[in-house]
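Coordinate analysis (summary)
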Amino acid sequence: MAAERADDGVGEAADRNSRGRAAVTGTESEAPGGRAVGAEGPSGDGDGEDAPGGDAKAAVAVDPKVAAAVAAAEAAGPQNGETVRIDSWIWSVRLVKTRSAGATACKGGHVRVNGDRVKPAHSLRVGDEVRLVHEGHERIVVVKRLIRKRVGAPVAVQCYVDNSPPPPPREAVAPAGIRDRGTGRPTKRDRRDMERLRGAGGRPGGH
């Protein structure tokens, strides 16, 4: 009996030593409770579950007003593969006040598409760069949508990317001549002075 108890004690000591070596070398395959533990973490492969609401965070909220403007711009577009003239487009997106003003600007060489001067009937394409000099200010826009009908300002801005330089400060604009009431009609000298103020090239000296 004493020999059997001695053998049991030796076996238990060997088991304890074996478990200790396994813990030091990291070869233990199971943690207490029977759950496997690997180098990647408790899950074994390091992959965690997707965080709740991930799809909701990925979705971008769209402003209803912007969506309505885009829909209106699409409705004003050409039908059945029709082309859009440059003079019509710059009028439709409110770069000029009238279509005839757009045609006049083209004929006068004040409209360029991709760097080239164009005639009023030039057909536009999405991605074209349009440069327009109108009322002393240069507009530079890139075509996003082709439309043939004049639309409101909120819809118009959805049809192009505006790369225009900022307008000059008001201080840089030469003031126009202002006369007091009751002074009568301006004389020739007064008119020359006002023309110089407007930059019209009046004769220097005022004589």
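Residues numbered from 1 in each chain as written. Predicted model: local features only at pLDDT ≥ 70, side-chain atom pairs only at ≥ 80, totals over all residues. Heavy atoms only, no water.

What follows is about the confidence of the model for the protein chain. Summing up the model confidence of the protein chain, the mean pLDDT is 73 and the portion of residues at 70 or higher is 59%. Residue range residues 1-7 is modelled with pLDDT below 50. Its contacts to residues more than four positions away, or to other chains, number 0 contacts. Low pLDDT (under 50) marks residues 20-59, which in the prediction has 11 contacts with non-local residues, meaning those over four places away or in another chain. (pLDDT = per-residue confidence, 0-100. Contact = heavy atoms within 4.5 Å.)

Turning next to unusual backbone geometry. Within the chain, N114 stands out as a residue other than glycine whose phi angle is a positive 55°. Structurally, the position occupied by N114 is in the loop between β1 (111-113) and β2 (116-117). Judged by relative accessible area, which is 44%, N114 ranks as partly exposed. Of note, E135 is a non-glycine position whose phi angle comes to about 55°, a positive value. Given a relative accessible area of 63%, E135 falls into the exposed group. (Helix = DSSP H or I, 4+ residues; strand = E, 2+ residues; numbered from the N terminus. Buried < 20%, exposed > 50% of the residue type's maximum accessible area, 1.4 Å probe, protein only.)

A few words now on the environment of H137. Structurally, H137 is set in strand β4 (residues 137-143). Along the chain, H137 and P165 lie 28 residues apart, while their C-alpha atoms are 8.9 Å from each other.

With that settled, consider the packing of aromatic side chains. Applying the stated rule across the entire model yields 1 aromatic pair. Centre to centre, the rings of W89 and Y160 are 6.4 Å apart; their planes meet at 75°, and the pair counts as edge-to-face. Remark: Y160 occurs in strand β5 (residues 160-162) and W89 occurs in helix α4 (residues 86-92); sequence separation between them is 71 residues. By relative accessible area, W89 is classed as buried at 0%. For Y160, a relative accessible area of 10% corresponds to the buried category. (Phe/Tyr/Trp six-rings, centres within 6.5 Å; stacked < 30°, edge-to-face > 60°.)

Our next topic: the pairing of β4. Examined bridge by bridge, strand β3 (residues 129-134) and β4 share 6 bridges and lie antiparallel to one another. Residue pairing in the sheet places E129 in a bridge with V142 of β4. One ladder, built from 3 bridges, connects β4 with β5; its direction is antiparallel. Residue pairing across strands places V142 opposite V161, the latter belonging to β5. (Pairing = 2+ DSSP bridges.)

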